There are 2 protein chains.
Amino acid sequence: MARKRIRDIRNEELIEATIVTVHKRGYGTVTMAEIAQEAGTSAASISYYFGSKEGLMEATMRHLLRKLRYAMVAGYGQAESPHERLYALMDANFSDSLFTVPQCSIWMQFWASAPYSSKLARLHRINRSRVRSHFVAELSQLVPADQIETARLALQSYMDGVWLQAAQSDDPLDSASARRAAHRVVDLVTSRELVA
Amino acid sequence: MARKRIRDIRNEELIEATIVTVHKRGYGTVTMAEIAQEAGTSAASISYYFGSKEGLMEATMRHLLRKLRYAMVAGYGQAESPHERLYALMDANFSDSLFTVPQCSIWMQFWASAPYSSKLARLHRINRSRVRSHFVAELSQLVPADQIETARLALQSYMDGVWLQAAQSDDPLDSASARRAAHRVVDLVTSRELVA
DNA sequence: CCAAATTTTGAATGGTCATTCAAGTTTTGG
DNA sequence: CCAAAACTTGAATGACCATTCAAAATTTGG
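These numbers were taken from a predicted model, which means no experiment stands behind them. (Residues numbered from 1 in each chain as written. Chains lettered and ligands numbered in written order. Predicted model: local features only at pLDDT ≥ 70, side-chain atom pairs only at ≥ 80, totals over all residues.)

Got a minute to help me understand the overall build of chain A in this structure?
Counting secondary structure elements, chain A contains nine helices and zero strands. Starting at the N terminus and ending at the C terminus, chain A contains elements arranged as α-α-α-α-α-α-α-α-α. Structurally, chain A occupies a C-alpha span of about 60 × 40 × 30 Å along its principal axes. Relative to its 196 residues, chain A shows a buried fraction of 38%. A fraction of 65% describes how many contacts in chain A between residues 6 or more apart in sequence connect residues 24 or more apart. (Helix = DSSP H or I, 4+ residues; strand = E, 2+ residues; numbered from the N terminus. Buried ≥ 20, exposed ≤ 12 C-beta atoms within 10 Å, placed from the backbone. Contact = placed C-beta atoms within 7 Å.)

Okay, structure coming up:
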């Protein structure tokens, strides 16, 4: 119990330091020493808790995925129609707790390096297919079968693209207006024929 | 002349090898030796031609930007209305010569690391603002003033998002259908009110 | 064909960094 | 209060890698 407690505190501190420091210095060039300094500890203790740098990165990605899943489930519970559930999917991605510059930034960097790390690739794949199936489930209630994929691609691309740009922003993000814009895109995609 | 020729040949070979190898091994972990091997030469010769690894990466990004600019200008020349010019903007990004897995992949990786390299950041910023102003110029002819930014964000996010996903694809890309899908998104965004 | 210029590369250099280790310090449970 | 367990960290280790260099090979221009 007490044993667990300290470990959990360190884990949180180190993951938070990882997010901040990777955003500041870049995934490719960040060092254990820099992360340790941000957390007010030594590089050696990161190895002690996470085994390796890769272990730390994996834990950090899990942390972000957990947050995303949590936001998603919360919104889904409230929604009462396919259309509202699409809103909820978007809202989860643009929720106050996730849609910040450092988090979008580190997310993009994980994304870029996922193909080269089997651990990250696995997490990435699982998340992606979960999001995809949520989209398909709702869209299939709202648009003709032959347009589901087009609509899904449009919505998911939009989501990804906004994150990509958010990651590069110099200013803090306005998550409420991001949600409003996302709702408009949902309306657009579900309200008319998509076929050329 | 002959002097120039050899240098140009090497530059092309090395940049092509860079694209292939970065895609294969990842921007963060690729080594000079790996790129050299792909090009059938030695790491030392890369230093000879490009001065440094960063120089090679910058040259590679310039090469991709040149291709994009070229594709854009070509399409723009043909287009005869704001709507067609929006198509042309999309088509440039999804042209046969650019919309390939390795190129989307390396592009995303440059993107992710641009904030941490002043050289890459500069190129990135210039490109982005050029694309943005093209979008704004055409959209301002097609949608009410207060909706230009929303429409631009939607289109540009979509474009970025599609590239992001393309970079992760296991299969070769279908650029023609990517262009068709992009046209549908353009139609969608320009054909109705966007305000909530 | 020759000498100067250019190109090529194997080996050496130097720096960076994750990881390990051993020696301490702190916390825990009784 | 005590001993064992958990935690911490400075320093050592070893791997990796971009870059440099000097010497050799090739190309060029005359």
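Quick question: what am I supposed to make of the domain arrangement of chain A here?
Often, the extent of an interface is quoted as the loss of accessible area upon association of its parts. Residues and elements named next belong to chain A. Segmentation of chain A into domains returns domain 1 (1-51) and domain 2 (64-190). Each of domain 1 and domain 2 was reduced to a C-alpha centroid, and the two centroids are 27 Å apart. Contact with domain 1, which involves five residues of that partner, is made by six residues of domain 2. Per-class residue counts for the side of domain 1 that touches domain 2 are four nonpolar, one polar and no charged. (Domains from an automatic or database assignment. Nonpolar A, V, L, I, M, F, W, Y, C, P; charged D, E, K, R; others polar.)

It is not clear to me how helix 7 (residues 118-142) of chain A should be interpreted in this structure. Could you clarify?
Every α-helix winds through 3.6 residues per turn, so residues three or four apart in the chain are directed the same way. All names here are of chain A. With 25 residues, helix 7 ought to run about 36 Å at 1.5 Å a step, and its terminal C-alpha atoms sit 36 Å apart, in line with that. Looking at helix 7, one finds that the buried residues are Val131, Phe135, Glu138 and Leu139. Structurally, helix 7 contributes buried residues whose contacts are with helix 5 (82-93) and helix 8 (148-167). (Expected span 1.5 Å × (residues − 1).)

Looking at this model, I keep getting lost on the interface of chain B and chain A. Mind explaining?
Contacts between the two partners involve 32 residues from chain B and, on the opposite side, 33 residues from chain A. Taken together, the elements giving at least two residues each to the side of chain B that touches chain A come down to helix 6 (101-113), helix 8 (148-167) and helix 9 (175-190) of chain B. With twelve residues, the top contributor of residues to the side of chain B that touches chain A is helix 8 of chain B.

Which parts of the structure should I look at to understand the protein's contact with DNA strand D?
The full set close to DNA strand D counts 19 residues, and Ala44 of chain A together with Thr31, Met32, Ser52 and Lys53 of chain B are the nearest of them. Within the residue set of the surface near DNA strand D, elements represented by two or more residues are helix 1 (2-25) and helix 3 (43-50) of chain A together with helix 2 (32-39), helix 3 (43-50) and helix 4 (53-78) of chain B. No other element matches the four residues that helix 1 of chain A contributes to the surface near DNA strand D. Taken together, the residues of the surface near DNA strand D sort by class into eight nonpolar, six polar and five charged. (Near = placed C-beta within 6 Å.)

Could you clarify how one ought to interpret the relation of the copies chain B and chain A in this entry?
The pair of chain copies shares a relation made of a rotation about an axis and a shift along it. After a rotation of 180° and a shift along the axis of 0.0 Å, chain B superposes on chain A with an RMSD of 0.1 Å. In the structure described here, the two chain copies are related by an operation that fits a two-fold rotation axis. Mapped onto chain A, 100% of the interface residues of chain B again fall at the interface, so both copies present the same surface. (Least-squares fit on C-alpha atoms with pLDDT ≥ 70 in both.)

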